[in-house]
Amino acid sequence: MTILQVENLTKHYVTSGGYFDGRGETIVALDDVSFDVRRGESIGIVGESGSGKSTLSRIILGLERPDSGRIVFDGTDLSTLSKRELRAICARIQVVFQDPYASLNPRMSVRDLIAEPMEIHRDILGMSNAQITDRVAELLTLVRMEEDHMHRYPHEFSGGQRQRIGIARALACKPQLIVLDEPTSALDVSVQAQVLSLLIGLQDELNLTYLFISHDLAVVRYLCQSAILIRKGKLVENAPIESLFDAPESDYGRMLIGAMPDIDPDRSPFRLKSEA
Amino acid sequence: MSEVVQSTGSAATRSARRTNWARGFYRFRQNPLSVVGLVIVVLLLLLALFGEYIAPYPEHLNGELNVANRFQPPSAEFWFGTNEVGQDIFSLVLAGARISLLSGIAVIVVATLIGTFIGVIAGYFGSWLDEVLMRFTDLVLTLPALILAMAIAAGLGPSIPNMILALALAWWPGFARMARGEVLSTKAELYVLAAKAQGGGNTRILTRHILPNITSPIIVKMSLDVGFAILAVASLGFIGIGVRPPTPEWGVMLSVSRSNLPHFWWTAIFPGMAIFLSVLSFNFMGDGLRDVFDPRARR
Amino acid sequence: MSLLEINGLRLAMRSFDGETEVLNGVDLAVGENAIAGVVGETGSGKSLTGLSISRLVPTPPGRYLGGTIRFDGQDLMTASEEEMRRLRGRQIGMIFQDPTTNLNPAFRISTQMVDIALNVAKSDPELIGIQARSSRRARRVAARQRCVDLLGQVGISDPDTRIDAYPHTFSGGMRQRVLIAMALIGQPRLLIADEPTTALDVSVQAQVLELMSSFVRERDLTMIFITHNIGVVAQLCTDVSVMNAGRVVESGDVRKVLKNPEDSYTKELLSAVMTRDTPRPARNRAAAGAVA
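Here's what I pulled together on the structure shown here. On a predicted model such as this, the values are computed, not experimentally measured, just so you know.

**Focus: the pattern of salt bridges**
- Taken as a whole, this structure holds 36 salt bridges over all chains when the rule is applied.
- Linking B:R204 and A:E116 is a salt bridge whose minimum nitrogen-to-oxygen distance equals 2.9 Å. Taken as a pair, B:R204 in helix 9 (residues 202-238) and A:E116 in helix 3 (residues 110-120) lie in two separate chains rather than in one.
- Judged by relative accessible area, A:E116 falls into the buried class, the value being 1%.
- C:R55 is the partner of C:E81 in a salt bridge, and the nearest nitrogen-oxygen pair spans 3.6 Å. Of this pair, C:E81 sits in helix 2 (residues 81-90) while C:R55 sits in the loop between helix 1 (46-53) and strand 4 (62-71), and the two are 26 residues apart along the sequence.

**A few points about the pairing of strand 10 (residues 247-253) of chain C**
- As judged from the six bridges shared by strand 9 (residues 239-244) of chain C and strand 10 of chain C, these two strands associate in the antiparallel manner. Across the sheet, the residue bridging to C:D239 is C:D253, located in strand 10 of chain C.

**A closer look at the side chain of A:R111**
Residue and element names in this part refer to chain A.
- Structurally, R111 is set in helix 3.
- For R111, a relative accessible area of 14% corresponds to the buried category.
- Residues in contact with R111, not counting those within four places in the same chain, are E119, N129, I132, T133, V136 and M150.

**Remarks on a nonpolar patch on the surface**
Residue and element names in this part refer to chain B.
- A surface patch of nonpolar side chains, about 800 Å² in accessible area, is lined by V39, V42, L43, L46, L49, F50, Y53 and I54.
- Topologically, I54 is positioned in helix 2 (residues 32-54).
- Classification of I54 as exposed rests on a relative accessible area of 53%.

**A few points about the packing of helix 10 (residues 250-257) of chain B against helix 11 (residues 266-293) of chain B**
All names here are of chain B.
- Axis separation between helix 10 and helix 11 bottoms out at 8 Å; the angle between their running directions is 150 degrees. On the basis of the axis angle, helix 10 is roughly antiparallel to helix 11. Crossing geometry of helix 10 relative to helix 11 is assigned as left-handed. Contacts between helix 10 and helix 11 involve W250, G251, M253, L254 and S257 from the former and T267, A268, P271, G272, A274, I275 and S278 from the latter.
- Class assignment of the residues belonging to the contact of helix 10 with helix 11 gives a composition of seven nonpolar, five polar and no charged.

**Focus: the interface of chain A and chain C**
- The interface is formed by 43 residues belonging to chain A together with 43 residues belonging to chain C.
- Between chain A and chain C, roughly 4,100 Å² of surface is buried when both sides are summed, and carbon and sulfur atoms account for 50% of that area.
- Taken together, chain A and chain C are joined by four salt bridges.
- Measuring nitrogen to oxygen at the nearest pair gives 2.9 Å for the salt bridge that ties C:R280 to A:E242.
- Joining chain A to chain C, the criterion identifies 13 residue pairs in polar contact (both at pLDDT 80 or more).
- The dominant element in the side of chain A that touches chain C, judged by the number of residues it contributes, is helix 7 (residues 189-206) of chain A, at eight residues.
- Of the residues contributing to the side of chain A that touches chain C, the split by class is 20 nonpolar, nine polar and 14 charged.

Reading the values: rules and limits
- Position labels on residues start from 1 in each chain and follow its written sequence.
- As they are written, the chains are lettered A onward and the ligands numbered 1 onward, keeping that order.
- Note on the predicted model: pLDDT of at least 70 is required for a residue's local features to be given, and 80 or more for side-chain atom pairs to be given and counted; whole-chain, interface and lining totals, by contrast, use all residues.
- Each side-chain value is derived from all of the structure's non-hydrogen atoms; neither hydrogens nor water enter the calculation.
- Take a side-chain nitrogen of Lys or Arg and a carboxyl oxygen of Asp or Glu: if they are within 4 Å of each other, that pair is a salt bridge.
- Numbering of helices and strands runs from the N terminus, with a helix taken as a DSSP run of H or I at least four residues long and a strand as a DSSP run of E at least two residues long.
- Per-residue accessibility, obtained with a 1.4 Å probe over protein chains only, is compared with the maximum for each type, and a residue is labelled buried under 20%, exposed over 50%, and partly exposed between these values.
- Think of it this way: DSSP has to see at least two bridges between two strands before they count as a pair.
- In what follows, residue pairs with any heavy atoms lying within 4.5 Å of each other are defined as contacts.
- Residues qualify for a patch when their relative accessible area is over 30% and they have no salt bridge, like charges being joined within 9 Å and the nonpolar side chains of Val, Leu, Ile, Met, Phe, Trp and Tyr within 5 Å.
- Where accessible areas are quoted, they stem from the Shrake-Rupley method and a 1.4 Å probe; at the residue level, only the protein chains shown are allowed to cover.
- To obtain an axis, a line is fitted to C-alpha atoms, over the contacting stretch when the element is a helix, and the angle between two such axes runs from 0 to 180 degrees between their N-to-C directions.
- Any angle between 65 and 115 degrees counts as roughly perpendicular, while under 35 counts as roughly parallel, over 145 as roughly antiparallel, and the rest as oblique.
- Handedness of each helix crossing follows the sense of rotation of the near helix against the far helix: counterclockwise by less than a right angle gives left-handed, clockwise gives right-handed.
- Lys, Arg, Asp and Glu make up the charged group, whereas Ala, Val, Leu, Ile, Met, Phe, Trp, Tyr, Cys and Pro make up the nonpolar group; the residues left over, Gly among them, are polar.
- Computed with a 1.4 Å rolling probe, the buried area is the accessible surface lost when two parts are put together, summed over both parts.
- N or O atoms closer than or at 3.5 Å make up a polar contact, with two conditions inside protein: a donor-capable atom paired with an acceptor-capable one, and, for residues adjacent in sequence, both atoms drawn from side chains.

Below you can see the structure in the form of structure tokens.
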């Protein structure tokens, strides 16, 4: 049932250092992080900026190598694979990035954008251009857009539509695992709700596994069955959503939950102070 | 099914492209100077192509002299006056557009090809390749371009193709540095990361993602530089390397007219104006192109 | 008596697609010592409303079609550019979203702050506690002292030495504090904050909000807080105006608007906000296992 195992992942960076001494500081981006992800589930990875959550996603996507530790995807240890085999795995692990404005090449039409992963993995998929175009049309329908949107360019779409294009691209090669890197944090709340419900519908329909990276606990709670809290590279809590919210075990968890914005003015901490 | 999608598709893509062009031209039009620049550039290019056919005294272009009419001031008969051998300066300036403009453009095209190639390789692959290529670029850049071009032209012998090559060899470092910088910033774009995350290889990332996104600044620089290249061609002509008299070229004409100043001012003013106008118009056009490609740079 | 009153403000923006009206009749009244939240989604016109108050919308492409903005009784729409410049430094302060782009990375914080303080002191030397005819050196020392004090007040520890650091050595939250301190140099009566905490982590955001709320309480300050984040409005603001499509659709006391919204758009917006109480969606896992 486990689709992804992250075992003792550690990653250090050395900064470029000062102007004169040249010695860089070592920054611990990830420190001995381990967790499992079950097939068909959504797991939230929550942390603030600099927590190491982005490094984690880059390592899982194969964009960076860990210093130590390993990642086992569907029974295969990714570190033992050749470059070619790793490329093939790429088709099964896809990503949707936070910023729908920066993650789509402005010079490519929607058709070319969504077709790209299929063209890259043509050797595995063996699709002709016409088949790819058909699949693009199918994917656009799947993310509730129009087929003839494929001839337009990204700048003609709103943030929410661009994010749908990003999701269609991620789905193109029928992946099993999708890393969602803050996919809704740049969107307006009403659009965010639509994108989330699309993601949920797709997950149920296609039996996808989501790795949902976010700083927004409310969204994680909405989408995920469990969550991992990361702080300064260390895993501080790994719990099912209900127990995380009912009884957080770590101080960090309590702090994050306490800082969640609440739309009830009567629960504002400083208002109480100022009106007292 | 796919047939239908394909055919309606290309029409839809075409119309999407058309809107993009219209949008671009709208931004270009926002600055009247850009439009002036574009109009003059188009006129100059037409002159470069057809100048010798509309010249009132085509025989003067082949070196025919008319000593009886030497140093005629501008008149209805000779719009820009005549030079020391009685040739019509208007005809010579018209014909000079071809050599000045086309060699200016050729210099920049060759320099862009060399520079972009080196800059893209250096910026994309980085590490030692970047070091080696960029130190070499810096080395070429430290030599004064005109002196270097003079040395190369002198070595190759005076001819128009040699002059173009010489200037291009002195000109490419600017393009290399710029292309490298653009590649470095484009390389960090999220869509490049997205392509890598999908398993895209270097060739695909370079040709599909990086090159299309760095062409705009390069085109802008090209159009700005063409003006200066025309000036450089004229300068080489002026100091006697490159184009030789009696070939009508603006720099050469200026050079010859030096000894006629200040009394026969028209022999120098009109070729000078032509150089001035073309440098200025390419610059205005370049500014307009920048507005099109990067609307944030200016209001 | 409102400190700021906007009536029927209409602004059009020109672009390739022709002129579109982006503000079509904004009405907004901000009372003295209020923290007025202006909340809306992308394209609602909330930022343009904020920029209009300090007349920072470039015209063209912008064009005002009508309406008035009154600040302390003075009509800002007819004020001269010179008057506006004076107002911007002294009466109306602004804080923007991204602290990195609003601090020049090439200069020390002290250089940037003292410059503003000296500029402010030209019209009102009292502000940095000097006489009109003080020497340049005395002015400089006084201006610096004022900046150090302000940095201390916005919660930067060891402000006496930190003031000489470069912006990149500050974290995002600290930079936002520096910008707040900068906006406070001229002791403005009105502070316009456009998404000042959007780029910050939630824990840092809470600290910055607390700081802002205490400033309004302790000083004679009025604040307009522009944001898309209703949670922040609920925490900080006394009043709120909800904007949609270039218009204020509902405004009033924050409790009244957020707890008993009347307008349908406000209701919709509030229901879309995800909180810890949002019911989780029912999952249809019928397909689960079928594909595996």
